[in-house]
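# Per-entry structural report
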Amino acid sequence: MKRFTITSFVFLLVSCQLLTAQSSPGAQVAERLASRLRDSLGLSSEQQQSLYQVNMSLYYRNQQVRAMHTQPDSLRFYLQRVENTRDSLYRPVLGDEKYLMYKSRKRELLRTN
């Protein structure tokens, strides 16, 4: 019974935190990115949730960079450093086959823009 109570409490705490986080602009962007990747790559819901967490982590890192750097040149440099970690964070979540699909589609988008 005690284990059930603790598990229920943890679940409730995480649920409340996710509901609060999903109302922020960063959470909305993270959710949209994860959903688009799920649709285009055929990901499972677990992979989608993991990508959401990765994107939220990147959002929080970007917020820290914005707080620490106010000069446009240094801000741009450090934001790009954070963005450059995205692919390496996606790879373990996606696996080799889906990661190659992701990279291919990313290259196509960059080429057309």
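None of the values given here were measured: they were computed from a predicted structure. (Residues numbered from 1 in each chain as written. Predicted model: local features only at pLDDT ≥ 70, side-chain atom pairs only at ≥ 80, totals over all residues. Heavy atoms only, no water.)

## With respect to the side chain of Asn 62
For the record, the criterion: A run of DSSP states H or I qualifies as a helix once it reaches four residues; a run of E qualifies as a strand once it reaches two. Both are numbered from the N-terminal end. In this analysis, two residues are considered to be in contact whenever any of their non-hydrogen atoms come within 4.5 Å of each other.
With respect to the element layout, Asn 62 can be found in helix H3 (residues 45-68). When neighbours within four sequence positions are excluded, Asn 62 is seen to be in contact with Leu 79 and Val 82.

## Focus: helix H4 (residues 72-83)
Note the cut-off: To estimate how far a helix should reach, multiply one less than its number of residues by 1.5 Å. We call a residue buried when its accessible area falls under 20% of the maximum for its residue type, exposed when it is over 50%, and partly exposed in between, using a 1.4 Å probe and counting protein chains only. Working note: the arc is built from the helix axis to C-beta atom directions.
Between its first and last C-alpha atoms H4 spans 16 Å; for 12 residues at 1.5 Å apiece the expected length is 16 Å, and the two agree. Of the residues making up H4, those classed as buried are Leu 75, Leu 79 and Val 82. Down the axis of H4, the sector holding all buried residues measures 55°, keeping them to one side. Summarising the geometry of H4, the exposed residues directed more than 90 degrees from the buried face are Asp 73 and Arg 76. Elements that come into contact with the buried residues of H4 comprise H3 and helix H5 (86-112).

## As for the nonpolar core
Counted only if it meets this: Here, nonpolar core means buried Ala, Val, Leu, Ile, Met, Phe, Trp, Tyr and Cys residues that are tied together by side-chain atoms lying within 4.5 Å of each other.
Residues Leu 37, Leu 51, Tyr 90, Leu 94 and Tyr 102 are the most contacted members of the largest nonpolar core, which totals 19 residues. Breaking this core down by element, the ones donating at least two residues are helix H2 (25-41), H3, H4 and H5. The dominant element in this core, judged by the number of residues it contributes, is H3, at six residues. Each residue touching Leu 37, except ones within four places of it in the same chain, is listed here: Gly 42, Leu 43, Leu 51, Tyr 90 and Tyr 102.

## Considerations on the packing of aromatic side chains
Rules: Here a pair means two rings of Phe, Tyr or Trp (six-membered ring of Trp) with centres within 6.5 Å. Their orientation is stacked below 30 degrees between planes, edge-to-face above 60, and tilted elsewhere.
Here the structure, examined in full by the defined rule, presents four aromatic pairs. Seen from their ring centres, Phe 77 and Tyr 78 are 4.9 Å apart, and the 80° between their planes marks the pair as edge-to-face. Classification of Tyr 78 as partly exposed rests on a relative accessible area of 29%. With 6.1 Å between their ring centres and 40° between their planes, Tyr 99 and Tyr 102 make a pair best called tilted. Residue Tyr 99 and its partner Tyr 102 are both found in helix H5; the two are separated by three residues, about one turn of the helix. On the basis of relative accessibility, which here comes to 9%, the residue Tyr 99 falls in the buried class. Judged by its relative accessible area of 9%, Tyr 102 is buried. One aromatic cluster in this structure is built from Tyr 90, Tyr 99 and Tyr 102.

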